[in-house]
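Each chain is listed here by its residues.
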Amino acid sequence: MNELPTKYEPSSVESSWAELWAKPGTFRADATSSKPAFTIVIPPPNVTGSLHLGHALDNTIIDVLTRFKRMAGFEALYLPGTDHAGISTQVLVEKELALEGLHKSDLGREKFLDRVWAFKEKNGGTILKQLTRLGVSADWSRERFTMDAGLSKAVRRTFIEYVAKGMAYRGEKIVNWDPVAQTVLSDLEVDREDRQGKMYTLAYQLEDGSGAMNVATVRPETIFADQAVAVHPEDTRFSSMVGKKVRIPLTNRLIPIIADSSVEMDFGTGCLKITPAHDPTDFEIGLRHNLATPSVIDKFAKLVSDLVPEEFRGMERFAARKAVVKALEASGALLEAKDYKVSMGISERTKEPVEPMVMTQWWCKMEKPAKQVLDALEDGRIKIVPERYTKVNRDWLENIREWAIGRQLWWGHQIPAWYDAEGKVYVPDLENPDLDCDQDPRYAHLTLTRDPDVFDTWFSSALWNFSTMGYPDQTEDLAKFYPNDVLVTGYDILFFWVARMQMSGFEFTGQAPFHTVMLHGLYLDAKGQKMSKSKNNGIDPLELMDKYGVDGCRFAWAYLSTGGQDIKHDERRYEMGRNFANKLWNASRFAMMNLETGHSENGMSLSAAPASFGVTLADAWIVSRLSETIATATAQLEAYDLGAAIRTIYSFTWDDFCDWYIEAAKPALKSQNPVTQATIKRVLEAILKLLHPFMPFITSEIYAALNPKHQQLAFEPFPRADEFAVDNASLEEFEKVKNAITAVRVLRNELMIPPMQVLTVAVDGINAGAVSKNLETFTGLAKAELGSVSGKIINSVAPGLEVLLALEGLIDTSEYVTRGKKKVVELEKQVQQAKGKLSNENFVKNAPEDVLFEERRRIEDFGMQLERLQKVLAQFA
């Protein structure tokens, strides 16, 4: 047994353990092992990213589950890796080039990609190094990157299979175009924001000169691409006009008036201009009425086309809007312009308003795999935790849309499709998927050009949990570790990633890719706002680790991860974690200082100890409570309720072990009772094992000092409840003694009597016998002797007993009354302050639930103290 330093210094402990755990072989999972497998793959962060609180939360949860399962006897694999992050990485490199006065086109595709790879090598890997600081028990020998050769092979194979099945095809549809990133975005990559705009009412003159149709629009700059004006077929105001034609303002072009049931009669004027190339709803109406799709806005969001009057050509769309409105006003066609909140699509990556455009893209039909996932959600093959997100998952799948899988980027997996001079598409065969079409002898007579687009980043991420295992090859890893057990991620990417992984798993492996999805909430700032650079409200987890220690932070992240709720940053939880680490360290030092080498090394069990050693009530009680704690915490971990599990272990360690057992065991330890020595060591070892998944650094350090000849704690078995006997009689009896001690402490606190002053008390009631029977424990912890009391008496009541204390001669009455009256005022003020907080709507709205609970508890506690103090003071009136 090695001695622990007097003070716990996280920085002196963490580096050596982190270095050990980062070695490729430390946590290498064995695919040939006979142990049952437990697998979690990391949600791959952007390769050029840095650790933020969302990553820290994600990976703490993953590591807690992995370490728990490894200790529970599973062949546990925590697979790390990174994502190539197509758009964001390319944008970063383009910005770097811009500082040099260059554009990607100046380099060409091949040299630009060389530049991106160099950027990745220079800046990539930072986040994984930061994860080693977090102490994750990942298998670093299996680290993956979404553009590794093996993963690229899987991406290529799955696309070719989609095409062979008729699920992937090339077609013209309306898409979300990002004018800054110069690429298509899926609906999931577009945020909706309400922005202040205008609703313009324009007069479209009837061809026959009999009047005008008043049309409301928020985008007057697109009128030049209008193909019709639509009204609802049941709108009697316009039924006589259907079939007629109107003239587009500022032009001489005529367009028809059509009837379509999708028009909302009570929106605007009830007349809708139909611009199929620049609005998704209009595009669908256009398909139903065989309308053309001319575009007047190009990829740089500028007005182009011969349809646009020359004075507006080349203008940026929003500048053009102002110019068009001015011209409409001058022509008399602008009837009204009123303020209006416009729901605008914003690129998640560049924050630029997206432009709806009709383009030819690669699309993937997802109805079949979506149905397979829905069946799995229904029959329980896939479980969502918390369960309420099952409906959210199901609703999206039931309304699945085709997936635009191409992106107009250079960085990413280039689509393996080629085109001949006539535009015919060629894709490799499933029998020989690695053979490029322009190298295929069958097409030697053709001049083929490869598709310049790359796949959506989520296309490759959707394959992550089986492509990382070697798919499409039948590898040992795939056989052992797939399907995965749990997927841990934030609920915000349930559609981006989770649902696509679900569908890809069924489509290409024929089974659910994991049996459980554990979703956690978003990590928000203290005000409940999302963290962002623009708000300057980000919190660096590395700074938190420096301040509170990694274990203190991991404790906080686990403590806060409850029920998939969003998490408001609360510095008190980090302080709580740091204080807990210090408490554990000091308790361990005390225990180790009181262990006799012979008994501490042989791991003596209570059941094997000779009766003459003397099993104390405290020994039997703590072992029983440990058994209960193990059973409860294990069940909570198995249910993925990490917050509840750490609370359970924390309460047992701090309250039962440190505050009660150690104090109660001091006389036996002082007399070197070997049973108590064996008990405290055995219980401490179990606590270290229970806490290890949550707080691996401090528990590993203490365990190595306690058992220097043992293997590291990470590979020790997790404690089982049945290893520790439950003695119900001892549980009940010790609780009675605890209640009596607590009652004395209440009196001491109320009377403001110094903690070390020995009191004489009388104990009465049906449970008083337990106190007499265990007088040494009661006297030592309560600092009180049993005796008779008379005169003015104050009492404290507990279940089954009453503790009585005589006041005369114990306190200076006048001084006590003076202090008591001040205390009454103080308590009344604290009660009012707490009530004031709870009556504040903003406080109640923004405060975490545990803070609200604490305020309610404060009102109750202060109220009870106030009531008792007033009763005592009444005796001196």
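Residues numbered from 1 in each chain as written. Predicted model: local features only at pLDDT ≥ 70, side-chain atom pairs only at ≥ 80, totals over all residues. Heavy atoms only, no water.

1. What to know about the sheet that holds strand S20 (residues 449-450)
How we decide: Strand pairing follows a simple DSSP-based rule, namely that at least 2 bridges must link the two strands. We count a stretch as a helix when DSSP gives it H or I for four or more residues in a row; a strand needs E for two or more, and each element gets its number in order from the N terminus.
Reading across from one edge, S19-S18-S20 is the order of the three strands in this open sheet, with antiparallel pairing throughout. Strand pairing shows two members of the sheet lacking a second neighbour, strand S19 (425-426) and S20, which therefore form its edges.

2. Quick look at the sheet that holds strand S6 (residues 183-185)
To keep it simple, the criterion reads: Contact criterion: two residues are considered in contact whenever any of their non-hydrogen atoms come within 4.5 Å of each other. All axes are obtained by fitting lines to C-alpha atoms, using only the stretch in contact for helices, and the reported angles, taken between N-to-C directions, cover 0 to 180 degrees.
Strand order in this open sheet of four strands is S6-S5-S14-S16, and the pairing throughout is antiparallel. Both outer strands of the open sheet, S6 and strand S16 (403-404), are each paired with one neighbouring strand and no more. Pairing analysis gives 10 bridges linking strand S5 (residues 168-178) to strand S14 (residues 355-364), with the strands arranged antiparallel. In the strand pairing of S14, tryptophan 177 is matched with glutamate 355. Most of the contacts of helix H8 (residues 280-288) go to S5, to which it runs at about 145°, and overall it touches S5 and S14.

3. Digging into the nonpolar core
Defined as follows: What is meant by a nonpolar core is a set of buried Ala, Val, Leu, Ile, Met, Phe, Trp, Tyr and Cys residues, joined one to another through side-chain atoms within 4.5 Å. Here the term buried applies to any residue with accessible area under 20% of the maximum for its type, exposed to any over 50%, and partly exposed to those in between, with areas from a 1.4 Å probe on protein chains only.
Counting 197 residues, the largest nonpolar core has Phe159, Trp557, Phe657, Phe694 and Phe778 as its most contacted members. The element best represented in this core is helix H21 (residues 642-670), accounting for 14 residues. Other than its neighbours up to four places away in sequence, phenylalanine 778 contacts Val737, Ala740, Ile741, Val744, Val761, Val763, Val771, Lys783, Ala784 and Leu786.

4. Points about empty space enclosed by the protein
Operational definition: Within this scheme a cavity is a closed region of a 1 Å grid, computed over the protein atoms alone, that accommodates a 1.4 Å probe without allowing it to escape, whereas a pocket is open but has protein on both sides within 12 Å along at least five of seven lines; lining residues each have an atom within 4 Å of a point. Grid points are joined across faces, edges and corners, and a volume is the space filled by probe spheres set on the points. Residue polarity follows a fixed list, in which Ala, Val, Leu, Ile, Met, Phe, Trp, Tyr, Cys and Pro are nonpolar, Asp, Glu, Lys and Arg are charged, and the others, Gly among them, are polar.
Applying the stated criterion across every chain yields a total of one cavity of 30 Å³ or more. Lining of the largest cavity is provided by Ala85, Gly86, Ile87, Ser88, Glu189, Arg349, Arg407, Asp456, Thr457 and Trp458. Counting residues per element, the ones that place at least two in the lining of the largest cavity are helix H3 (86-99) and helix H12 (457-461). Tallied by class, the residues present in the lining of the largest cavity amount to three nonpolar, three polar and four charged.

5. As for unusual backbone geometry
Here the amide bond leading from valine 385 into proline 386 is cis, since omega sits at 0°, within 30 degrees of zero. Positioned with a positive phi, alanine 85 is a non-glycine residue whose angle comes to about 50°. Following the sequence through the fold, alanine 85 ends up in the loop between strand S3 (81-82) and H3. At asparagine 290, a position not held by glycine, the phi torsion is positive, near 55°. The residue asparagine 290 is located in the loop between H8 and helix H9 (317-331) in this model.

6. A look at the pattern of salt bridges
Put simply, the rule is: Salt bridge, as used here, is a side-chain nitrogen of Lys or Arg placed within 4 Å of a carboxyl oxygen of Asp or Glu.
Applying the stated criterion across every chain yields a total of 55 salt bridges. Close ionic contact of glutamate 221 with arginine 321 constitutes a salt bridge, the shortest N to O distance being 2.9 Å. In this pair, glutamate 221 sits in the loop between strand S8 (212-217) and strand S9 (228-231) while arginine 321 sits in helix H9, placing the two residues 100 residues apart along the sequence. Side by side, glutamate 221 and arginine 321 carry an identical accessibility label, which is buried.

7. Quick notes on the environment of tryptophan 21
Mapped onto the fold, tryptophan 21 is located in helix H1 (residues 10-21). With relative accessibility at 1%, the residue tryptophan 21 sits in the buried group. Each C-alpha atom of the pair tryptophan 21 and alanine 714 lies 9.9 Å from the other, and the pair is 693 residues apart in sequence. Here tryptophan 21 is in contact with Thr26, Phe27, Arg67, Gly135, Val136, Ala138, Trp140, Pro696, Phe697, Ser700 and Gln712, once residues within four sequence places are set aside.

8. Quick notes on the pairing of strand S7 (residues 190-206)
Of the strand pairs in this sheet, S7 and strand S13 (residues 334-347) are connected by 13 bridges, and their pairing is antiparallel. Its bridge partner lying in S13, aspartate 194 is registered against serine 343. Bridge analysis of S7 against S8 gives six bridges, and the strand direction is antiparallel. For alanine 203, the partnering residue across the bridge sits in S8 and is asparagine 214. From the end of S7 to the start of S8, which pair antiparallel, there are five residues, and glycine 209 there has a positive phi angle of about 75°.

9. Quick notes on the side chain of glutamate 14
The condition that has to hold: Here the positive residues are Lys and Arg and the negative ones are Asp and Glu; neither His nor the chain ends is included. In the analysis that follows, any N or O atom pair within 3.5 Å is treated as a polar contact, provided that within protein one partner can donate a hydrogen and the other can accept it, and provided that, for residues neighboring in sequence, both atoms belong to side chains.
Among the secondary structure elements, glutamate 14 is positioned in helix H1. One buried charged residue, glutamate 14, forms no salt bridge at all, with the nearest opposite charge on arginine 133 at 4.3 Å. A distance of 2.8 Å separates a polar side-chain atom of glutamate 14 from the backbone nitrogen of valine 550. With sequence-adjacent residues up to four places away left out, glutamate 14 is seen in contact with Arg133, Gly549, Val550, Asp551 and Phe697.

10. Things to note about H8
Spelled out, the test is: In this description, one arc is meant: the one made by directions from the helix axis to the C-beta atoms.
Every buried residue of H8 is listed here: Asp282, Phe283, Ile285 and Gly286. The buried residues of H8 occupy one face: seen down the axis, they fall within an arc of 165°. Buried residues along H8 sit against S5, strand S11 (254-259), strand S12 (272-274) and S14.

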